[in-house]
Amino acid sequence: MCGICGWIDFDRDLGVSDARWELATMTATMARRGPNDEGTWIDGPMALGHRRLAIIDIQGGRQPMMLQEGGRPALVLVYTGETYNYRDLRQRLAALGHRFDTSSDTEVVLHAHREWGHRDPRTAVSELNGMFAYALWDTAKRELVLIRDRLGIKPLYYYPTQHGMLFGSEPKAILANRLAERVMDAEGLRRTLCSIADPDTTAFRGMREVPPGHIVRVTRDGIRQVSYWQLTDSGHTDDVPTTVRRVRELLEDTIQRQLISDVPLCTLLSGGLDSSAMTALAARFSDERIRSFAVDFVGYTDNFTPNPICLTPDGPYVQEVAKLAGTAHTDITLSADELMDSGIRTSTLHAHDLPFTMGDIDSSLYLLFRAIRQHSTVALSGESADELFGGYPWFHDPAHVQADTFPWSESIDITRKSLDPDLVQKLDFPGYLDGQYRSALAKVPELTGPAAADPYERRMRQVCYLFLTSYLPRLLNRKDRLSMALGLEVRVPYCDHRLVEYVFGTPWAHKTFDGREKSLLRAATADLLPQSVVQRVKSGYPVIQDPTYYRMLRTRFTALLNDRNASVAPLLSIEGSRDLLNTTENIRWVQHILTLQDFLTDYNVSLRL
């Protein structure tokens, strides 16, 4: 895992001193993503930067990496991520006459593009199984291609300029170049305040993401975006027992592939079905005893109060799984003082680069990763199981399912009440959300076969698609940024595209065949788990319940509302914002406003609404 960045300008030679300095500055912003090594490469209009976190082939995987032909570079690559089937691809390519100088997956990707992607890069990237974002420069074609993995596990941003573009794993790399403006307009603010993944916009005006499953091709003639992968209807015909067996087969193969590492590896264990199944499979297939880690809070289990999101504390379930799977387990116990520490809150903001926050969830995840990084460099995590197998309560609530909008978007009402009324009218949240919703619906693949005649199956297919494409990317982005800010690579086995394609294609009736959430995953892994975990109802990521934390948060928020010179003040209805303090249910939005204030100040953002 690494950090990449670059700059292409078809009207300049970027080898001059000032451009070299800016490339070095851009590359330096990726140091936390890649603490082990750095490299740059410049040739005429193309400048590439790389920071390396060494995971596979510690000595031989330096970047930028190039493929030579006739004594000159033909292809030059900067790559971040992991290609889990690189050993299989290496054998195929070697049989075709390719020769390799390293044992790294990066070199395999480079040769795959020379063999299969010479005419169309989509042919090469379709061979890859993994999580990745990379930039490839073809010296003969004078073409740059930016490629992102199918689910958007690895981030990749770009910023078009007059004669080319800037790009980077994170916005901070782009913002380090003087050509990038630090401006937030109405579109950026809408994007910030709505819980919808939209790669066409970011908080910064002019900056975009390479969409998951897409390639951005850059030549002197301009920028062109093409898709190489999308969810489709598979015409699923397997019965439930066959489907359960196939899910287990895919999970076993995926876990085994993702255990490959030349550095210490662990799992994130919450005691829920997703992480427990993943940990149990990892323990079964690992050649060494698996380490597992969980987050906890001081006094959390003893003083736990159930709520609609967290019904049970994680601790007892975590201990049962760790004992049964035989992991070397560690609980990371956090306090309110740690979560409110100004340095930690600043670190989480600067990891994101964007004013999206989940408050204490972000801070606790950052602290968890910081503790894990003392022991491991790679961690397996259970992201996407809920979106894939139907785990969230929204999937099972008729009101949310049948709502003519995103099932999770009702909370925007709280945000509107805290903003200046004139601004709310200008931002037109209902219109924005409806436009995003209609656009997403238009991309849902049509059902085929017997299920196509069932209106409920059609609707649930839409809901599953919305969660995988408009909700999941935000969580993946968060997990990547908070982990990579500490040089920790997080792998997400449930995002294997073969598993996603297969499960997405199954009827909703299969996914709930036992009358519960995540029926297929439960049935496929029940033999590995304690019965308490098999029967446990989904409980969300734990949030601190310490009254001390809430008091500290209210004190800071009250001080902000009393500061008329605060950067965020022009956006707020002061009285509406004060109302957020009345219940702990609104704490998330209190934290969101505090983060937005820090973002506008720390990043020197100009508001042009």
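Residues numbered from 1 in each chain as written. Predicted model: local features only at pLDDT ≥ 70, side-chain atom pairs only at ≥ 80, totals over all residues. Heavy atoms only, no water.

## Looking at the overall build of the protein
Heads up, the rule is: Only DSSP runs of H or I covering at least 4 residues are called helices, and only runs of E covering at least 2 are called strands; the numbering of each starts at the N terminus. C-alpha atoms define the radius of gyration, and 2.2 Å times the number of residues to the power 0.38 defines the globule rule. Relative accessibility decides the category of a residue: with a 1.4 Å probe and only protein chains considered, values under 20% of the type maximum give buried, values over 50% give exposed, and everything between is partly exposed. In what follows, a contact means two residues having at least one pair of non-hydrogen atoms within 4.5 Å. Computed by Shrake-Rupley with a 1.4 Å probe, the accessible areas treat only the displayed protein chains as cover when residues are assessed.
Of regular secondary structure, the protein possesses 25 helices and 19 strands. For 609 residues, the compact-globule estimate of 2.2 N^0.38 gives 25 Å, and the C-alpha radius of gyration of the protein, at 24 Å, lies within 12% of that figure. Along the first, second and third principal axes, the C-alpha set of the protein runs to 70 × 60 × 50 Å. Looking at the protein as a whole, 61% of its 609 residues qualify as buried. Considering only intrachain contacts with a sequence separation of at least 6, the fraction spanning at least 24 residues in the protein is 73%. If you sum the accessible surface of the protein, you get close to 23200 Å²; carbon and sulfur atoms cover 49% of it.

## Observations concerning the state of the cysteines
Here is the rule: Throughout, a disulfide means two cysteine sulfur atoms within 2.5 Å of one another.
Applying the stated criterion across every chain, the model contains zero disulfides. Residue C266 stays outside any disulfide, its sulfur separated by 17 Å from that of C495, the closest cysteine. Taking relative accessible area as the criterion, C266 reaches 0% and is therefore assigned buried. Free cysteine: C464, not disulfide-bonded; nearest cysteine sulfur from C495 at 15 Å.

## Here we look at the side chain of R191
Along the chain, R191 turns up in helix α6 (residues 186-193). Here R191 falls in the buried class, since its relative accessible area comes to 14%. Ignoring sequence-local partners within four residues, the contact set of R191 consists of I196, D198, T201, T202, E209 and Y432.

## Some words on α6
Among the eight residues in α6, seven count as buried, and that is most of the element. Among the residues of α6, those classed as buried are A186, G188, L189, R190, R191, T192 and L193.

## Some remarks on the pairing of strand β3 (residues 46-52)
Put simply, the rule is: We call two strands paired when DSSP finds no fewer than two bridges between them.
In terms of burial, β3 is a largely internal element, seven of the seven residues being buried. Of the two faces of β3, the one lined by M46, L48, H50 and R52 and the one lined by A47, G49 and R51 are each fully buried. Strand direction decides the pairing type here: strand β1 (residues 2-9) and β3, joined by seven bridges, are antiparallel. Bridging from a neighbouring strand, I8 pairs with M46 of β3. Across seven bridges, strand β2 (residues 37-43) lies against β3 in antiparallel orientation. Bridging across to β3, I42 finds its partner in A47. A loop of two residues connects β2 with β3, the two strands running antiparallel in sequence, and G44 in this loop sits at a positive phi of about 60°.

## So, the layout of surface pockets
What counts here: Note on definitions: the grid is 1 Å and covers protein atoms alone; a cavity is a set of points where a 1.4 Å probe fits but cannot get out; a pocket is an open set with protein on both sides within 12 Å along at least five of seven lines; lining residues have an atom within 4 Å of a point. Grid points are joined across faces, edges and corners, and a volume is the space filled by probe spheres set on the points. Gly counts as polar in this scheme, as do all residues outside two lists: the nonpolar Ala, Val, Leu, Ile, Met, Phe, Trp, Tyr, Cys and Pro, and the charged Asp, Glu, Lys and Arg.
Here the second largest pocket defines a volume of roughly 940 Å³. What lines the second largest pocket is a set of 42 residues, and nearest its centre among them are A197, D198, P199, P212 and T469. At the level of secondary structure, the elements contributing two or more residues to the lining of the second largest pocket comprise α6, β13 (222-227), α17 (429-441) and α18 (455-484). Sorting elements by how many residues they give to the lining of the second largest pocket places α18 first, with nine residues. Here the residues of the lining of the second largest pocket are counted per class, giving 19 nonpolar, 13 polar and 10 charged.

## Concerning the sheet that holds strand β17 (residues 378-380)
In plain terms, the rule: Between N-to-C directions, angles cover 0 to 180 degrees, with each direction set by a line fitted to C-alpha atoms, over the stretch in contact for helices.
In space, the five strands of this open sheet follow the order β16-β15-β14-β17-β18, with parallel pairing throughout. At either end of the open sheet lies a strand with only one pairing partner, and these are β16 (328-334) and β18 (489-491). On average, each strand axis in the sheet is tilted by 30° relative to the strand beside it, whichever way the strands run. When strand β15 (residues 291-297) meets β16, the two strands line up parallel, connected through seven bridges. Residue R291 lies in a different strand from β16, and its bridge partner there is A328. In this fold helix α9 (residues 315-325) packs onto β15 and β16, with an angle of close to 160° to the strand it touches most, β16. On the sheet, helix α12 (residues 360-372) packs against β14 (265-268), β15, β16 and β18 and is oriented at approximately 145° with respect to β15.

## Describing the packing of helix α23 (residues 547-561) against helix α25 (residues 587-602)
Where we set the bar: Angles are sorted into four bins: roughly parallel if under 35 degrees, roughly antiparallel if over 145, roughly perpendicular if 65 to 115, and oblique for all others. For any pair of crossing helices, the crossing counts as left-handed if the nearer helix is rotated counterclockwise from the farther one by less than a right angle, and right-handed if it is rotated clockwise.
With their axes 10 Å apart at the nearest point, α23 and α25 run at an angle of 50° to one another. With respect to α25, the axis of α23 lies oblique. Remark: the crossing between α23 and α25 carries left-handed chirality. Contacts from Y549, Y550, L553, R556, F557 and L560 of α23 reach α25 at I587, V590, Q591, I593, L594, Q597 and D598. The class makeup of the residues in the contact of α23 with α25 is nine nonpolar, two polar and two charged.

## Comments concerning the sheet that holds β3
The strands making up a sheet associate through hydrogen bonds between their backbones, and the pairing can be parallel or antiparallel. Reading across the sheet, the six strands line up as β2-β3-β1-β9-β8-β11 and stay open at both edges, with antiparallel pairing between neighbours. Edge positions in the open sheet fall to β2 and β11 (208-209), since each of these has one partner strand only. Docked against the sheet, helix α1 (residues 17-28) engages β1, β2, β3 and β9 (164-168), running at close to 150° with respect to β2.

## Some thoughts on unusual backbone geometry
For the bond running from Q63 to P64, omega is -5°, close enough to zero to count as cis. Positioned with a positive phi, D428 is a non-glycine residue whose angle comes to about 50°. For D428, a relative accessible area of 39% translates into the label partly exposed. One non-glycine residue with positive phi stands out, namely N604, at about 50°. With respect to the helices, strands and loops of the structure, N604 is situated in the loop between α25 and β19 (606-608).

## Details of the pattern of salt bridges
Basically, it comes down to this: A carboxyl oxygen of Asp or Glu within 4 Å of a side-chain nitrogen of Lys or Arg is what we treat as a salt bridge.
The final tally for this structure, using the stated rule, is 45 salt bridges. With its nearest N and O atoms 3.0 Å apart, the salt bridge here joins R191 to E209. Residue R191 is located in helix α6, and its partner E209 is located in strand β11; the two are separated by 18 residues in the primary sequence. For R461, the salt bridge is made with D233, and the minimal N-O distance between the two is 2.7 Å. Here the residue R461 occupies a position in helix α18, and D233 occupies one in the loop between β13 and α7 (240-258), the gap between them amounting to 228 residues. Several salt bridges share partner residues, and in doing so they unite R33, K154, E170, K172, D353, D480 and R481 into one network.

## Looking at the packing of aromatic side chains
Aromatic ring pairs: the centre-centre distance and the angle between the two ring planes describe each pair. Rule in force here: Classification of ring pairs rests on two measures: the distance between centres of Phe, Tyr or Trp rings, Trp counted by its six-membered ring, which must be within 6.5 Å, and the angle between planes, read as stacked under 30 degrees, edge-to-face over 60 and tilted in between. Sitting over a ring, as applied to charges here, requires NZ of Lys or CZ of Arg to be within 6 Å of the ring centre and within 35 degrees of the ring normal.
Inspection of the entire model under this criterion finds 21 aromatic pairs. With a centroid separation of 6.4 Å and 5° between ring planes, the pair formed by Y392 and F395 is classed as stacked. According to the relative accessible area criterion, F395 is buried, its value standing at 1%. Among the aromatic residues, those joined into a ring-pair cluster are Y392, W394, F395, F406, W408, Y437, F467, Y471 and W508. Against the face of F504 rests R461, its NZ or CZ located 4.8 Å from the ring centre.

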